[in-house]
Every structure is written in C-alpha cells, then in structure tokens.
Amino acid sequence: MAITASLTQSPLWQQLQQHYQSIRHQHMRDWFAADPQRFQRFHLQAAGLSLDYSKNRITNDTLQLLLQLAQERNLPAQIEGLFRGDVVNRSEQRPALHTALRNFSDRPVLVDGQDIMPEVRATIRRMEEFCWKIRRNQWRGYTNKAFTDVVSIGIGGSFLGPKLASGALKPYWDSRLNIHYLANIDGSHITEILRRLDPATTLFIIQSKSFGTQETLKNALACRHWFLDNGGTEADLAKHFTAVSSNVQKAVEFGIAEDNIFPMWDWVGGRYSLWSAIGLPLALAVGIDNFRELLRGAYEMDEHFRTAPLHQNMPVIMALLGVWYVNFFDVGSHAILPYDHYLRSLPAHLQQLDMESNGKSVTQDGTPVDYDTGPIIWGGVGTNGQHAFHQLLHQGTHFSPCDFIMPMQSHNPIDNFHAMLVSNCLSQSQALLQGKSEAEALQELLDSGMDAEAARQLAPQKVIPGNRPSNTLYFPRSRPATIGALIALYEHKVAAQGMLWGINSFDQWGVELGKQLGNKVLHALEGEPVPANFDGSTQGLIQAYLHMQHE
Ligand code: F6P
C-alpha cells in the first residue's frame, strides 16, 4: 500500500516533536525510581526471544504517540501486503517474499498468479538430498575421498547471512566438514584459504543470485583454475563445483553442471536470502534438520509480526524506537552488541540488512525525504568492545542507542565464565542508564582518600551523563530456531522502519555507481588511458598505483 501524505506534515509528527521537547531533559533513572513496574511494562516476548526495552527514553505517552504513527502510516496493511506478495520493491517491480522460504503454513503464496510454495518446498528437498549425500559420503571427490572442506564463494547477502548463522550454530556443526567463506576480491584471502586445502576433498558452492557479481566470478574462476592446476580435470568439475543462482544460464555458461545448480528467485532479495539455497553451506555444516529449525524459528517470528497487535509486536516496537531516536533525538547510529562469541558476525550481517535496505533518500514515489532514514549500524562482540569503543558510548558527545544481545546459557559452561559475561552485559546497559553525577564522582574520590582540591579538579572527568538508551534481547540458548527468530526479527524491524519512512527497503541502487566506476578504474590500472573526466584525486591515485608497481 502506497503512503502519500508527507510524514513530517502530519499533526501527529508535530505532536511527537512537542512531546520530545517535554521529555528530553528527563532522566530514565527517575522514571525507574517512580515506576517499579517499568521493566514488566516495557517488555515483550516472541518466538522464544525476550525484549527488555525499559531502558529507552520513552514514557507511556511516547509509546502511544509512536503507535498512533504506526497506524497513521498503515503499518498493519503494509505488513499484510509484504506477506501477500505485493510489489513492495517498486523500483524493480518485485515483491519481497523471503517469508515464503520459511512458510510452514499451508497458505499458498502467489507470484503472478502462481503459487510459489511447491517450488520452495522442492528446493528444500533437493537441499536435503544434497546434504544427505555429502554428509553421508555418498557424493565424494574425484579420488573417491569424502569431502572435508566446503568453500562458499559469494559476497553481500550471498555471504553474510550464511556466515552469521553458521557461526551462531557452531555447536551444531558436523566436525568432519570445515566451511570456509570467500567473499572479498583480495588475492591474500583466497591464497590463505586455498593454501590449506586439498582439491580432492574440497567442494565449492558459487553463491550469486545474479551470477554477475565481479568479486564472486573472479574468485570462482580462480578456484576453478586452482582445482584444475592441482590434480582435478575438466571431467571432475561436476563433482566439485555447485552453484546457487537465479541466473541458471550464466551459471551453465560458467561451467557448472545444470544438475548442480540450485535455484534462487527474483522475489528474494540478496540480504534476505539465507533462507533459500544460499543457506546450503550452513545446511551442510549443521544438517538439514537444524536448517529447518532455523526456518521454523523465523516462521514463528513472521507469524508474530503478521498477527500480533502493534503494541505487542516486537519488530514494530523496535522499529518505532529507532524512528524515535533517528527523527526526534537526531541520532545517526545504532550499535549491535552481542554478548556471545558465536554471534560475533551479527553486526556485519545487520549492517548490510539495515544499511542496504534503509540507506535511502527518496520515498517509494521518488520524492526526496525531508527527514532522516536508516542509521549507521555498527558494533562488536562483548566484552571486547568495552575495552575499545564503549568509552564513547558512555562519555562521548554523540549517543548511540544499543542493542545488547545475550543468551542466558552458554554452550560451553566452563567455570563461571558465563555469569561473568552476562554480568558485563547487564552492567554496561546499567551504566549507560545510570551514569555518574559530579557529586557522586566527587564523593567517590573523597572516599578513596584523595585531598579535596585534587578531587574537585578530577571529578568532572569522571562524570558520566547516563540516560543513554538500550534494548536487551535475551533468550535461553543459541539454538537453530532462536537464531532464525533473531535474524527474522531484525529483517522485520528494518522492513517496518522502511514502511514508516515510506522508502523502498528492497532495492540497492546506490551500490551500482561504484560497480560501474570500478570497471573504468580497473581498465586504467591495467594500462588504458585514464579518462579525462576523472577527478584529480582519482587520477593521482591511479598514477601512484602505477608507479608503485615498480618499487
Ligand atoms: O551489494 C549489492 C548486492 O547486490 C547485494 O544486495 C547482494 O547481496 C550482493 O550484491 C551479491 O549479489 P549476488 O548474489 O547477485 O552475487
């Protein structure tokens, strides 16, 4: 459903602005002191995940206004349209039906009048058969040895989702198979990966929806050469090279046997493709049953997003909080802080998911927005970040809302490691909330025995403003279904924000310019004349590259 009225012209928007002015100097500390039920009141559960959003700069009134905004922007109808297969990606005239890939209901999903569910299910069955053959050593390499290594070649959405999920589910891996991800076009990366591998026991999966991505094709070609130069023959290629793509013809032209190509579809965006055969490396690592559980967890989150009332809807609430900070507090970034080694790739996946989706400056109908859209997503695994960038979170002039993400149980419960990890997580959000006043800092110094004058001089350095918002997402343990729900939660948060802002969260035209210019620059680096219309800096850097080849 199209949104036409300008967001900022709405009386509700003005009301939100007035409300922001009225609460901006209030401290969350006081709200907690006044309301012992705040934790229970600003708390949600869905698909095995719990969300504590009580440490946000919101009151009941804030939430009511934001929920009204969601209604005014027709969020329920837009959500229904997303699941129904409406053309939500208008610039490419496509639906965004990643939810069909994990549709465990018997509801048909129609694209151009055709139910796509039979093909989706048939593909999962093919994946199952493939995984079964590889994991049971029925499909072997050209010397009849079982595979020991899988190299997944792909970039962006054809890389980040599977990498995140296979890292998150490491405890579920079949220890006989190593999975390697090759994304960047960097001779050092491919060299480091291939150096350790034996072509006779290595399986390659070329992951590219378009089968036209420069980095992926270059890496795939180099792997093919490596395979042929190190014992494999042309006739053996079909045993070792598979692909996932919506462009079967290009994959066949590249030399992949047609039977080894798993389908992708235009109605799945790259950054939403983990749930398709792009998830193959993950399925090989953890087995198809665990992959199905991942899908099931995502499906549960889908059902929640589709059916829960807005005030109990976890992705919607997270989306509204994001809008509250971006558009009223003028905040330009959002930190993702997983307190779990296995979730260390989450910030990178969410960077693509959020920034490629909502890094947009025009609405669906092409009108420039007069408000900010997607924030910069960044972050890192706790507690490492505490000894690096958290200083800015606590005392910097910018504030960045944070999502703390934490399993309550560890897969590796040694000693009291996990209690220590959790205590770090909880105390960080506590410190962000509470801060430390100058009086408190001074008292602390005096109590430590410092003389009064020195304490008075030092105290301002130790002031921590606090009142800095965070969500805490927690769950019992990183199980396949939980990870599915977690990733789907963020997909829907991002989609809901796109709906609120009236932008297209499913295209990515911004990446194209770099690709176009990249080819021209490459020609210049390879000796062709530098185009005269290149700016002076780019010309200078090209010359520097050419000179330094001889140093
Ligand atoms: O970065 C742009 C992009 O198109 C992403 O959206 C996509 O995930 C990635 O490139 C890889 O594309 P492909 O799967 O077609 O190789």
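Here the residue numbering is sequential within each chain, running from 1 through the sequence in written order. Thresholds applied to this predicted model are a pLDDT of at least 70 for local features of residues and 80 or more for the giving and counting of side-chain atom pairs; totals over whole chains, interfaces and linings are not thresholded and use all residues. Excluded from the side-chain calculations are hydrogens and water; all other atoms, namely the structure's heavy atoms, are used.

### Here's the deal with the site of the ligand
- Here a residue is near a molecule or strand as soon as one of its heavy atoms is found within 4 Å of it. Residues in close proximity to the ligand total 14 residues, the closest being S158, S208, S210, T213 and E356.
- N or O atoms closer than or at 3.5 Å make up a polar contact, with two conditions inside protein: a donor-capable atom paired with an acceptor-capable one, and, for residues adjacent in sequence, both atoms drawn from side chains. In this structure, an oxygen atom belonging to the ligand sits 2.6 Å away from a side-chain N or O atom of S210.
- A distance of 2.5 Å separates an oxygen atom of the ligand from a polar atom in the side chain of T213.
- In this description, accessible areas are obtained by the Shrake-Rupley approach with a 1.4 Å probe, and a residue is regarded as covered only by the protein chains that are shown. Within the complex, the protein chains bury 88% of what would otherwise be the 390 Å² of accessible surface of the ligand.
- Here the ligand occupies the largest pocket.
- Every element with two or more residues in the shell around the ligand is listed here: helix 15 (346–358) and helix 21 (510–525).
- Ten residues, namely Ala, Val, Leu, Ile, Met, Phe, Trp, Tyr, Cys and Pro, are considered nonpolar, four, namely Asp, Glu, Lys and Arg, are considered charged, and the remaining ones, Gly among them, are considered polar. Looking at side-chain class alone, the shell around the ligand contains 2 nonpolar, 9 polar and 3 charged residues. Using protein atoms alone on a 1 Å grid, points that fit a 1.4 Å probe yet trap it form a cavity, whereas open point sets bounded by protein on both sides within 12 Å along at least five of seven lines form a pocket; residues with an atom within 4 Å of a point count as lining. Each molecule is checked against the cavity or pocket grid, and it sits inside if more than half of its atoms lie within 2 Å of the grid points. Strands are runs of DSSP state E lasting at least 2 residues, helices are runs of H or I lasting at least 4, and numbering of each runs from the N terminus.

### Focus: the sheet that holds strand 9 (residues 261–263)
- If you trace the 5 strands from one edge of the open sheet to the other, you get 6-5-7-8-9, paired in parallel fashion. In this open sheet, the two strands that pair with only one neighbour each are strand 6 (178–182) and strand 9. Between one strand and the next, the sheet's axes are offset by a mean angle of 20°, whatever the strand orientation.
- Any two residues whose heavy atoms approach within 4.5 Å are treated as being in contact. In this analysis an axis means a line fitted to C-alpha atoms, helices contributing only their contacting stretch, and an angle means the value between N-to-C directions, from 0 to 180 degrees. Those strands touched by helix 6 (residues 117–135) are strand 7 (202–207), strand 8 (241–245) and strand 9, and its axis lies near 145° from that of strand 9. A pair of strands is considered paired only if DSSP assigns at least 2 bridges between the two.

### Remarks on the UniProt feature "active site" (unreviewed entry) in the protein chain
- UniProt positions are given in the numbering used here, feature names are shortened, and annotations may be inferred rather than shown by experiment. UniProt annotation of "active site" (unreviewed entry) refers to E356, H387 and K515 when read in the numbering used here. A maximum C-alpha distance of 36.7 Å among these annotated residues, which run over 160 residues, shows that they spread across the structure rather than meeting at one spot. Lining the largest pocket, from the set of annotated residues above, are E356 and K515.
- Among the secondary structure elements, E356 is positioned in helix 15.
- With a relative accessible area of 23%, E356 lands in the partly exposed category.
- Among residues more than four places away in sequence, those in contact with E356 are R271, Q351, D507, Q508 and V511.
- Tracing the sequence through the fold places K515 in helix 21.
- Burial classes follow relative accessibility: with a 1.4 Å probe on protein chains only, a residue under 20% of its type's maximum area counts as buried, one over 50% as exposed, and anything between as partly exposed. Take K515: its relative accessible area is 46%, and that puts it in the partly exposed class.

### Some details on the sheet that holds strand 10 (residues 333–338)
- As summarised here, the arrangement of the 6 strands in space is 1-2-13-12-10-11, forming an open sheet in which the pairing is mixed. Among the strands making up the open sheet, the edge pair consists of strand 1 (43–46) and strand 11 (376–379). Sheet twist, expressed as the mean angle between neighbouring strand axes with direction ignored, is 20°.
- The strands touched by helix 17 (residues 417–434) within the sheet are strand 12 (402–407) and strand 13 (470–475), with strand 12 carrying the most contacts at an inclination of about 160°.

### Some words on the packing of aromatic side chains
- Pairing of aromatic side chains here covers Phe, Tyr and the six-membered ring of Trp, requires ring centres within 6.5 Å, and sorts the geometry by plane angle: under 30 degrees stacked, over 60 edge-to-face, intermediate tilted. Taken as a whole and judged by the stated rule, the model has 24 aromatic pairs.
- An angle of 15° between the planes, with centres 4.6 Å apart, marks the rings of F204 and F241 as stacked. Of this pair, F204 sits in strand 7 while F241 sits in strand 8; the two residues are 37 residues apart in sequence, bridging distant segments of the chain.
- Here the aromatic rings of W378 and F389 are separated by 4.9 Å at their centres, their planes lie at 75°, and the arrangement is edge-to-face.

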